[in-house]
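Listed below, chain by chain, are the residues.
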Amino acid sequence: MTTLARTALVVAAVLILLLGLLWVFQRRLIYLPDSAPVPPAATVLPGARDLTLTTRDGLRLTAWYVPAAGDEHEVTVLVTGGNAGNRLHRAPLAGALAAQGLPVLLLDYRGYGGNPGSPTEEGLFLDALAARDAIRTPRVIYFGESLGAAVATRLALEHPPDGLVLRSPFTDLAAAGQVNYPFLPVRALLRDRFPVAAGIGSVRAPVVVVYGTGDTIVPPDLSRAVAGAARATTVEVAGAGHNDLVLLNGRELVGAVVELAERIRKGG
């Protein structure tokens, strides 16, 4: 065997080993939970209370319910977060919506915010389903952030809401992953797929897509593609990046949710 052939064989073996490691440990790249327990809800948001949700596979998850300020609205907002952090990081969103008269259920997935279990695509759906089962108001909006937009979309297809808001959605996880890992065969490696665009056209509720034009994690073209597939109303936040505060509790984002809730309340 020539030196060149031996070198090529070694390189191929190393590449196969690296791809195998990526296959085994890929969920550590996808899910970035803050697993620390969060403080009691009422110490973070006035009037909020802690909830315990039981999933259909037997996990007991903690969540927060944030009541609306003033008169209780008949539309609750169920928030399915992105792949990082926990519900404490989304408290400003819940507080802003509650101040506008919308009660909020802030979900933490398995493995997030002190919850048991490890996140997977199927597991996150079961967690969202448990949260949906806990809502008692007659109407509900699903609010999905980034990866949580895929969770909210699947929930909407199987348990229709009255409205769906997707913040920085991707067409599917592979498309977003290819942007962040352009040197890897992401689509071939992924076990958790999180499709959005493929099925969202079947959602019968009104859909609103909010995205930032400065987003480099989920490029705006992916969010626009989702909006096109959903025939959605779009809210474009000029210059906003994926993790900017304006896409957490900014005026345009909160206003889009409040406007949708009013349409639902009026039967529009």
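Residues numbered from 1 in each chain as written. Predicted model: local features only at pLDDT ≥ 70, side-chain atom pairs only at ≥ 80, totals over all residues. Heavy atoms only, no water.

1. Some points on unusual backbone geometry
In plain terms, the rule: Only runs of H or I of at least four residues qualify as helices and only runs of E of at least two qualify as strands under DSSP, and these elements are numbered from the N terminus. Partly exposed describes any residue whose relative accessible area lies between the buried limit of under 20% and the exposed limit of over 50%, with all areas from a 1.4 Å probe on protein chains only and scaled to the type maximum.
Non-glycine residue Phe-194 carries a positive phi angle of around 50°. With respect to the secondary-structure elements, Phe-194 resides in the loop between helix 6 (186-189) and helix 7 (197-200). Given the relative accessible area of 2%, Phe-194 is considered buried.

2. Structural notes on the side chain of Thr-137
Cut-off, in case you're wondering: Contacts described as polar in this section are N or O atom pairs within 3.5 Å, which, within protein, must combine one atom able to donate a hydrogen with one able to accept it, while residues neighboring in sequence count only if both atoms come from side chains. Contacts are assigned to residue pairs that have any heavy atoms within 4.5 Å of one another.
Looking at the element boundaries, Thr-137 is found in the loop between helix 3 (121-134) and strand 7 (139-145). Its relative accessible area of 18% is what places Thr-137 among the buried residues. At 2.7 Å, the side chain of Thr-137 forms a polar contact with the side chain of Thr-76. A polar side-chain atom of Thr-137 sits 3.0 Å from the main-chain carbonyl oxygen of Arg-139. Other than its neighbours up to four places away in sequence, Thr-137 contacts His-73, Glu-74, Val-75 and Thr-76.

3. Digging into the pairing of strand 4 (residues 75-80)
Threshold: At least two DSSP bridges between two strands are needed for those strands to be called paired.
For strand 4, the buried fraction is high: 6 of the 6 residues fall into the buried class. Pairing analysis gives 6 bridges linking strand 4 to strand 7, with the strands arranged parallel. By the bridge assignment for strand 7, Val-79 is matched with Phe-143. Two strands pair when backbone bridges link them, and strand 4 and strand 6 (residues 104-107) are joined in this way by 3 bridges, in the parallel orientation. Paired with Val-77 across the strands is Val-104, a residue of strand 6.

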